[in-house]
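# Per-entry structural report
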Amino acid sequence: MRQKSGGTIQMPVGLLLTISIIAVSFAAIFVKWSDAPATILSMYRMYLACLLLFPIVWVKREQFFKLSSKDWLFLTVAGVFLGLHFALWFGSLKLTTVASSTIILSLQPIVALIGGFLFFKEKASKLIILPIGISVVGVIMVGWGDFGYGSSAAMIGNLLSFLSVIAVVAYLLVGQSKVKNISHWIYSFCVFLFAGVALTIFNLVFSIPMVGYDAREWGIFVLLAIVPTIAHVIFNFLLKYVNTTTISMSILGEPVGATLLAVILLGEQVLLFQIVGGVIVLLGVFLFLQQQKKADRVRKRVEAEKNITA
């Protein structure tokens, strides 16, 4: 509940988080339904997402003229990494199960921590090593389950999912300094557009057909652009009412939601061994986020004490 001028407003945070988790979980299902190449799915998702943002961006169009050449460079690089992320992840879903692909994708906050340390020298508590180790064990179990199926394609799919995590973390690391100074809408529109352009160039170079898809495929393109985007809009809105850690923890529901949808809608089967591994991964990421939350509280308290003594 939040107090607003003019009275008390009940904010159904739990309901909105549930809706957003269901919405984002459908992304993997849409990819599985489609017969289009991963880079085509990714490209049209980006372009259609730009169309959705265009009315808002048009109102804020004067902000484009405030961007420096360095800003444009960072936006371009970030867009390329975002396009690479979607191409790799969608490619992963073409080869492995929804469960395996989305579970590995949930390692994003841990990979982000490692990237922050390597490139920005961001320090982390030693206690974080334990949840990272737990998650790695879980990922090995998920991957070993696919190996048990005797499917080399599934193993390649798992590898592509992990590479997509590295790509999205690179996207976030490149953009983290710029997104603070640029309107969120302008930033999103630009990186979506540049991701689409990068994917278009890739499709042209490798002669991947960009036209000739039937109405069903175009319906999937549209759904892929709209439904998961709704989830991210809700997440951004809820940041006014809950902290980032709450949002991060709720996103851990995506592998669970996507796996359940895959079992119901796609008839996918998941080994018990992989289910256990998936639970271990989520446990490790959950503990990781808890440690990060504690570390943030300690850092804020130390900064507050320094300000008082100063």
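Above this text is the structure in question.
The sections below set out a description of the structure shown in this document. Computed from a predicted structure; not experimentally measured.

A count of helical and extended segments in the protein chain gives 12 helices and 2 strands. The linear arrangement of helices and strands in the protein chain, starting from the amino end, is β-β-α-α-α-α-α-α-α-α-α-α-α-α. Looking at the 310 residues of the protein chain, the share that counts as buried comes to 46%. Contacts spanning at least 24 positions in sequence make up 88% of the contacts within the protein chain whose residues lie at least 6 apart. When the accessible surface of the protein chain is totalled, it reaches about 16,300 Å², and 71% of it is carbon and sulfur.

Let's shift gears to helix α8 (residues 184–205). Helix length check: α8 (22 residues) gives 32 Å between terminal C-alpha atoms against 32 Å at 1.5 Å per residue, within 8%. Residues of α8 that are buried include every one of Ile 186, Tyr 187, Ser 188, Phe 189, Cys 190, Val 191, Phe 192, Ala 195, Gly 196, Leu 199, Thr 200 and Asn 203, and no others. Buried positions along α8 lie against α2 (38–59), α3 (69–95) and α7 (152–175). Trailing α8 by a residue or two, Ser 207 shows a phi angle of about 55 degrees, which is positive.

Here the focus is the state of the cysteines. Scanning the model with the defined rule gives 0 disulfides in all. Here Cys 50 is not cross-linked by a disulfide; its sulfur's nearest cysteine counterpart is in Cys 190, at 8.5 Å. What makes Cys 50 buried here is its relative accessible area of 5%.

The next point concerns the packing of aromatic side chains. Per the stated rule, a full pass over the model turns up 13 aromatic pairs. Between Trp 89 and Phe 90, the aromatic rings sit 5.7 Å apart at their centres with planes inclined by 45 degrees, giving tilted as the arrangement. Of the two residues, Trp 89 and Phe 90, neither departs from the other in class, the shared state being buried. Seen from their ring centres, Phe 202 and Phe 206 are 4.6 Å apart, and the 35 degrees between their planes marks the pair as tilted. Connected via pairs of aromatic rings, a cluster forms that spans Tyr 44, Tyr 213, Trp 218 and Phe 221.

What you tend to see is this: most non-glycine residues have negative phi, and most peptide bonds are trans. The phi dihedral of Ser 207 is positive, around 55 degrees, even though this residue is not glycine. Inspection of the secondary structure assignment puts Ser 207 in the loop between α8 and α9 (215–238). A relative accessible area of 62% places Ser 207 in the exposed class.

On to a nonpolar patch on the surface. A contiguous nonpolar patch, built from Trp 33, Val 256, Leu 260, Val 263, Ile 264 and Leu 265 and spanning about 550 Å² of accessible area, is present on the exposed surface. Counting residues per element, the nonpolar patch draws most heavily on helix α11 (residues 253–266), which supplies 5 residues. Residue position: Trp 33 is located in helix α1 (residues 13–33). Overall, Trp 33 belongs to the partly exposed group, its relative accessible area being 30%.

Turning our eyes to something else, we now look at the pattern of salt bridges. Per the stated rule, a full pass over the model turns up 2 salt bridges. One salt bridge in this structure joins Glu 217 and Arg 216, with 3.8 Å as the shortest N-O distance. Note on Glu 217: relative accessible area 5%, which makes it buried. For Arg 216, a relative accessible area of 46% gives the class partly exposed.

On the surface, a cluster of positive charge is made up of Lys 293, Lys 294, Arg 297 and Arg 301. Secondary-structure assignment places Arg 297 in helix α12 (residues 272–309).

In contact at an axis separation of 8 Å, helix α4 (residues 98–105) and α7 are set at 25 degrees when each is read in the N-to-C sense. As the angle between them shows, α4 and α7 are arranged roughly parallel. For α4 against α7, the interelement crossing comes out right-handed. Contact residues: α4 offers Ser 100, Ser 101, Ile 104 and Leu 105, while α7 offers Asn 158, Ser 161, Phe 162, Ser 164 and Val 165.

Reading the values: rules and limits
Residues numbered from 1 in each chain as written. Predicted model: local features only at pLDDT ≥ 70, side-chain atom pairs only at ≥ 80, totals over all residues. Heavy atoms only, no water. Helix = DSSP H or I, 4+ residues; strand = E, 2+ residues; numbered from the N terminus. Buried < 20%, exposed > 50% of the residue type's maximum accessible area, 1.4 Å probe, protein only. Contact = heavy atoms within 4.5 Å. Areas by Shrake-Rupley, 256 points an atom, 1.4 Å probe, with all protein chains shown as cover. Expected span 1.5 Å × (residues − 1). Disulfide = S-S within 2.5 Å. Phe/Tyr/Trp six-rings, centres within 6.5 Å; stacked < 30°, edge-to-face > 60°. Patch = residues over 30% accessible without salt bridge, like charges linked within 9 Å, V, L, I, M, F, W, Y side chains within 5 Å. Salt bridge = Lys/Arg side-chain N within 4 Å of Asp/Glu carboxyl O. Lys, Arg positive; Asp, Glu negative; His and termini not counted. Charge placed at Lys NZ, Arg CZ, Asp CG, Glu CD. Axes fitted to C-alpha atoms, helices over the stretch in contact; angles between N-to-C directions. Parallel < 35°, antiparallel > 145°, perpendicular 65-115°, else oblique. Left-handed = near helix turned anticlockwise from the far one by under 90°.

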